[in-house]
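# Examining the three-dimensional arrangement
The chain contents come next:
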Amino acid sequence: MQWVKRTLIGLVVLGGLTYLYYTEVKPVVIFGLREDYAHAIPHQKVPDGLVSLKAEACGVCHVDIYNEWKTSIHAQAYTDPFFQAYWTKDKHIWVCLNCHTPLENQQPTLIKDIPRDRVERAVQEPNPHYDNLYQQEGVTCAACHVRDGVIMGPYEDAKAPHPTKHDPMFRTAQLCQRCHSVVGGPAQFYNGGPCGTYPEYEDGHWKKERGFICQSCHMPEIERPVAIGGPVRQGRQHLWRGGHDPAMVKRAIDVKIMADPAEPKPGDKVRVILTLVNAGAGHKLPTGDPDRHFTVEFAVEDQNGKVLEQQSDTMGRWILWQPAIVELHDNRLMPLAGRDYIFEYRVPKESSGLKLITKVRYHIQTEGQHQMLIDKYGLTAKDPYNFLVYERAASLTGNLTEAFNRTPDQTRLACAAPSRG
């Protein structure tokens, strides 16, 4: 009976170690804490001359900027259905709000302490200044522009009916770093963190060689009055288009296709090479949420649309989520890097009406993840969770390379040459 006793003791020890691992080591969220985003931006008071911190109050004078902000994912950072579903999955853990509603004014509780960085054990108390309507504004104007009763901005000579102060950080990428560089935590072995957009940019060509900042692409330059009646200035649009915007993703990639032989004949084995290039992004493609990925797809169809042969390759991250988070593989593209995807097909004797279709598709999440959010966590939005960013078709009976190349390539829209600040 000794073996029974030893087995029981072993099981108890194993159970205890497992309990300690999940309660004291492994974070309950998929990222670790860093001081700047572990806490909300402190409570901000309304600057003199303004009636409210709400974006609508700013929009009285800053009309164009306000209207742009309303269309942005920043404005939807809290109300976005995907965020709400994932946040429900994470049991509405408070730490997510520090980027999605970053001001204390927008949060229902105040975090007084985070023992051992265990977010589930944070000491919370009701926030007397919480404004639930203000929470709906997500990343609102004051999140970036209001500190200590003063409006912060990029201009040294601003004149306004409220206190202003020049902050040189507005002309740097550092402004975006707080929420776009999320680090890993204990028992999390990422290749650069769960969201490493900022460090990807720091290591890339567009910063080191060209001097671009995040705003160069995500806040395009524009000349206009910043406020009604103000002087015309070189400013920036407040759009922040990114990974949820098909047009922005299309701008980032370049696609070239070659076929060998270029004019295949019945019986030939044709080799098609699709080269996908990260031509316009200052960070990896895809970036941000680790679920995002591309698929490169080939299909041969007959004249009735029947698929005779197909192939799909994935570009993204492969991550083991349990019992520890381990990033197993990452084949995303660094800035200006490219990769060849090869499809081979033997042309049948009867090749009339056959066509080769090539597609590049961008996925915010997998079909399984999307269905999980619908079934378990209340996702009801019809927002696309994947979309085509490139599609071309060519007859297998003609010159494939010429057919693909003469088709207007709408993906070759490089990021407009922005300035350095």
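That block above? That's the structure.
Residues numbered from 1 in each chain as written. Predicted model: local features only at pLDDT ≥ 70, side-chain atom pairs only at ≥ 80, totals over all residues. Heavy atoms only, no water.

### Re the overall build of the protein chain
The helix and strand tally for the protein chain stands at 15 helices and 17 strands. Along the first, second and third principal axes, the C-alpha set of the protein chain runs to 90 × 80 × 40 Å. Looking at the protein chain as a whole, 45% of its 421 residues are labelled buried. Across the protein chain, the fraction of contacts at a sequence separation of at least 24, relative to all contacts at a separation of at least 6, is 67%. On the protein chain, roughly 21800 Å² of surface is accessible, and the fraction owed to carbon and sulfur atoms is 56%. In the protein chain, the 48 positive side-chain charges and the 49 negative ones have mean positions that sit 2 Å from each other. (Helix = DSSP H or I, 4+ residues; strand = E, 2+ residues; numbered from the N terminus. Buried < 20%, exposed > 50% of the residue type's maximum accessible area, 1.4 Å probe, protein only. Contact = heavy atoms within 4.5 Å. Areas by Shrake-Rupley, 256 points an atom, 1.4 Å probe, with all protein chains shown as cover. Lys, Arg positive; Asp, Glu negative; His and termini not counted. Charge placed at Lys NZ, Arg CZ, Asp CG, Glu CD.)

### Describing the pairing of strand 10 (residues 269-278)
Sheet analysis places strand 9 (residues 253-260) next to strand 10, joined by eight bridges and oriented antiparallel. Following the sheet pairing, Asp-260 is matched in strand 10 by Arg-271. Sheet topology note: the strand 10/strand 15 (residues 338-346) ladder contains nine bridges and is antiparallel. Its bridge partner lying in strand 15, Val-270 is registered against Tyr-345. (Pairing = 2+ DSSP bridges.)

### Description of helix 5 (residues 81-89)
Since the α-helix advances by 3.6 residues per turn, residues separated by three or four positions end up pointing in the same direction. All of the buried residues along helix 5 are Phe-82, Phe-83, Ala-85 and Trp-87. Downstream of helix 5 by one or two residues, Lys-91 has phi in the positive range, about 60°.

### Some thoughts on the pairing of strand 8 (residues 232-236)
Across five bridges, the pairing between strand 7 (residues 221-225) and strand 8 is antiparallel. Across the sheet, residue Ile-222 finds its bridge partner in strand 8, namely Gly-235.

### Some details on the state of the cysteines
Across all of its chains, the model carries one disulfide by this definition. The disulfide bridge from Cys-99 ends at Cys-179, spanning 2.3 Å between sulfur atoms. An S-S torsion of about -105° defines the bridge between Cys-99 and Cys-179 as left-handed. With Cys-99 in helix 6 (residues 97-100) and Cys-179 in the loop between helix 9 (174-177) and strand 6 (188-189), the pair connects residues that are 80 residues apart, well separated along the chain. Taking the relative accessible area as the measure of exposure, Cys-179 reaches 22% and is therefore partly exposed. There is no disulfide at Cys-96, and the cysteine sulfur nearest it, in Cys-99, is 9.0 Å away. (Disulfide = S-S within 2.5 Å.)

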